[in-house]
Amino acid sequence: MNDSSWGAPPRAGYWGPPDQGSGQGAPPAGPAYDAQDALLPPETQPMPIVPDTPAPPQEPMPSAPQPAPAASRPPQKKSAGRDLGAAIGVGVGLGAVIIASLFIVKAVFIGVIAVAVVVGLWELTSRLDERKGIKAPLVPLAVGGTAMVVAGYVRGAEGAWVAMALTALAVLVWRMTEPPEGYLKDVTAGVFAAFYVPFLATFVALMLTADDGPWRVLTFLLLTVVSDTGAYAIGWRFGKHKLAPRISPGKTREGLLGAVTFAMAAGALCMEFLIDGGTWWQGLLIGLAVAASATLGDLGESMIKRDLGIKDMGTLLPGHGGIMDRLDSLLPTAPVVWLLLVVFVGST
């Protein structure tokens, strides 16, 4: 405790009333008094002699360093939030694997889709179990998901629907081997996962069945990637107005405009030069639809991750997160592109 806790310090040359000394009426010690003065009553004691030489000035206490004014601080650069070098490297590597398998042997590309589906299901069910205690059965989902993709390629849309129904039934039966507590939420999550990941991915296999199937799949992939890239580039540079702040605070209306612009331009080019019988105006419509579906898909998974309280679904892809973090915009876009291509240029 310091002196200031008792009030303001005494004035210079004043010793205060006698009851503040070491005893009642005891005079303060010091050269300002001699023995004779000490014998006088307190009322008649002389004031202490103040020397003529002024006291040396006290050095001011060092003050804490003050923060630099805002005007002098270096401007803060916008951060992308991820390791761009790793993200670009992983993206290029995945693109090379996809393109090679797509144009060399179609069956290999079907295997790539099946692997992505199984890993995505593993990530989704693992996060549901960790964060919500929901135990969606992975084994029937993985087997049924793979069967869905293969059936869609071999038997078309009808085969995909049959595989989806059988997968849902397998989820219900598999969960019966566990205690009944939580049965409803577990099987509901399982059926949702079967539809969200493998069933939507089956439409990529359906695109591949056409005579120009590899070019249709390439168009689908290019438009989705270009839409995401346009949204990121324009939103990062010019984004000011939030698109859905409660779901994904990083997305902006300016970014959505960039996605639409980039996707429509890429769609016109792809339909004109890659798809047999396609025209540029059809590409504009497909690009607009892709920008909308990719954005909604991204927001949909952001909603799931926000409910789970996580940033990414996994960590398998440096700079990207998990497989599901890359499939979020691709999955809902696949049926949209498949349907529009069938409408514009047919299914074969």
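The structure presented is a predicted model; accordingly, all values stated were derived computationally and were not measured.

Rules behind the numbers
Residues numbered from 1 in each chain as written. Predicted model: local features only at pLDDT ≥ 70, side-chain atom pairs only at ≥ 80, totals over all residues. Heavy atoms only, no water. Salt bridge = Lys/Arg side-chain N within 4 Å of Asp/Glu carboxyl O. Helix = DSSP H or I, 4+ residues; strand = E, 2+ residues; numbered from the N terminus. Buried < 20%, exposed > 50% of the residue type's maximum accessible area, 1.4 Å probe, protein only. Polar contact = N/O pair within 3.5 Å; in protein donor to acceptor, adjacent residues only side chain to side chain. Pairing = 2+ DSSP bridges. Expected span 1.5 Å × (residues − 1). Phe/Tyr/Trp six-rings, centres within 6.5 Å; stacked < 30°, edge-to-face > 60°. Contact = heavy atoms within 4.5 Å. Core = buried A, V, L, I, M, F, W, Y, C linked by side-chain atoms within 4.5 Å. Bend = angle between axes of the 7 residues up to and from the residue. pLDDT = per-residue confidence, 0-100. Axes fitted to C-alpha atoms, helices over the stretch in contact; angles between N-to-C directions. Left-handed = near helix turned anticlockwise from the far one by under 90°. Parallel < 35°, antiparallel > 145°, perpendicular 65-115°, else oblique. Nonpolar A, V, L, I, M, F, W, Y, C, P; charged D, E, K, R; others polar.

> What's the story with the pattern of salt bridges in this structure? I'm lost.
All told, the structure shown has 7 salt bridges when counted by the stated rule. One salt bridge connects D307 with K132, and the closest N-O pair in it is separated by 3.3 Å. Of this pair, D307 sits in helix α8 (residues 280-308) while K132 is found in helix α3 (residues 106-132), placing the two residues 175 residues apart along the sequence. Among the ionic pairs, K251 bridges to D298, the shortest N-O distance being 3.4 Å.

> Sorry if this is basic, but what is going on with the environment of T125 here?
With respect to the secondary-structure elements, T125 resides in helix α3. Look at T125 and you get buried, because its relative accessible area is 6%. Taking the C-alpha atoms as reference points, T125 and A189, 64 residues apart in sequence, are found 8.4 Å from one another. Polar side-chain contacts of T125 include one of 3.2 Å to the backbone oxygen of W122.

> Just to check I follow, could you spell out the pairing of strand β2 (residues 248-252) for this structure?
When a strand is regular, its side chains alternate between the sheet's two faces. As paired elements, strand β1 (residues 242-244) and β2 share 2 bridges and run antiparallel to each other. Directly across from A244, in β2, lies its bridge partner S248.

> Whenever I open this one, α3 confuses me. Can you help?
It helps to recall that an α-helix has 3.6 residues per turn; residues three or four apart then point in one direction. Across its 27 residues, α3 extends 39 Å between first and last C-alpha, which sits within 8% of the 39 Å expected from 1.5 Å per residue. Phi turns positive, to about 70°, at G133, one or two residues after α3.

> In this structure, what is going on with the packing of aromatic side chains? I would like to understand it.
The geometry of an aromatic ring pair is captured by the separation of the ring centres together with the interplanar angle, meaning the angle of the planes. Taken as a whole and assessed by the stated rule, the structure comprises 7 aromatic pairs. For the ring pair F192 and Y196, a centre distance of 5.4 Å and an interplane angle of 15° mean the geometry is stacked. Taken together, the residues F192 and Y196, both in helix α5 (residues 183-208) and 4 residues apart, mark about one turn of the helix. Taking the relative accessible area as the measure of exposure, Y196 reaches 11% and is therefore buried. Measuring from centroid to centroid gives 5.9 Å for W281 and F344, while their planes differ by 70°, and the two rings are edge-to-face. One end of the pair, W281, is in helix α8; the other, F344, is in helix α10 (residues 330-345), with 63 residues separating them in the sequence. The exposure class assigned to W281 is partly exposed, which follows from its relative accessible area of 43%. Connected via pairs of aromatic rings, a cluster forms that spans W161, F195, F199, F203 and W338.

> Even after reading the chapter, I still don't get the environment of V345, so can you show me in this structure?
When you line up the elements, V345 lands in helix α10. Separated by 68 residues in the primary sequence, V345 and G277 place their C-alpha atoms 6.1 Å from one another. Beyond its immediate chain neighbours, meaning those up to four positions away, V345 contacts R216, M271, I275, D276, G277, G278 and Q282.

> Would you mind going over the side chain of K251 with me for this structure?
Within the secondary structure layout, K251 lies in strand β2. A distance of 2.9 Å separates a polar atom in the side chain of K251 from a polar atom in the side chain of S248. Side-chain polar atoms of K251 contact the side chain of D298, separated by 3.4 Å. If sequence neighbours within four positions are ignored, K251 has contacts with H241, K242, L243, A244, D298, L299 and S302.

> So what exactly am I meant to see when it comes to the nonpolar core here?
Generally speaking, soluble globular proteins have nonpolar side chains that are buried together. Core analysis: the biggest nonpolar cluster contains 59 residues, and I113, V204, M207, V217 and F220 have the highest contact counts within it. Looking at which element gives the most residues to this core, the answer is α5, with 15 residues. Sequence-distant contacts of I113, defined by excluding residues within four places in its chain, comprise V149, A201, V204 and A205.

> Help me understand α5, please; the structure alone is not making it clear to me.
Between its first and last C-alpha, α5 extends 37 Å over 26 residues, near the 38 Å set by a 1.5 Å rise per residue. A bend of about 30° at F195 is the largest found in α5, and the proline P198 appears one to four places after it. In terms of residue burial, α5 counts as a mostly covered element, since 19 of its 26 residues are buried.

> What is the right way to read the confidence of the model for the chain from this model?
Detailed reading of the predicted coordinates is not advisable wherever pLDDT is low. The share of residues in the chain with pLDDT of 70 or more is 74%, and the mean pLDDT across the chain is 82. Segment residues 1-47 is flagged for pLDDT under 50; beyond a separation of four residues in sequence, or across chains, it makes 20 contacts in the model. Taken as a whole, residues 49-53 scores under 50 in pLDDT and shows 1 contact with residues more than four places along the chain or in a different chain.

> Which parts of the structure should I look at to understand the environment of F344?
Accessibility expressed as a relative area gives 21% for F344, which makes it partly exposed. Sequence separation of F344 and I286 is 58 residues, and the distance between their C-alpha atoms is 9.8 Å.

> When you look at the packing of helix α6 (residues 213-238) against helix α7 (residues 253-273) in this model, what are you seeing that I'm missing?
Between two packed helices, what matters for the description is the angle formed by their axes and the separation of those axes. At a closest axis distance of 7 Å, the pairing of α6 and α7 adopts a crossing angle of 150°. Relative to α7, the crossing made by α6 is right-handed. Of the residues in α7, those touching α6 at T219, L222, L223, V226, S227, G230, A231, I234, G235 and F238 are E254, G255, G258, A259, F262, A263, A266, G267 and C270.

> Even after reading the chapter, I still don't get the packing of α6 against α10, so can you show me in this structure?
Between α6 and α10, the least distance of the axes is 10 Å, while the angle of their chain directions is 130°. Overall, the two elements α6 and α10 adopt an arrangement that is oblique. In the packing of α6 onto α10, the handedness of the crossing is right-handed. Counted together, R216, F220, L221 and T224 of α6 and L330, T333, A334, V337, L341 and V345 of α10 form the full contact between these two elements. Residue composition of the contact of α6 with α10, grouped by class: 7 nonpolar, 2 polar and 1 charged.

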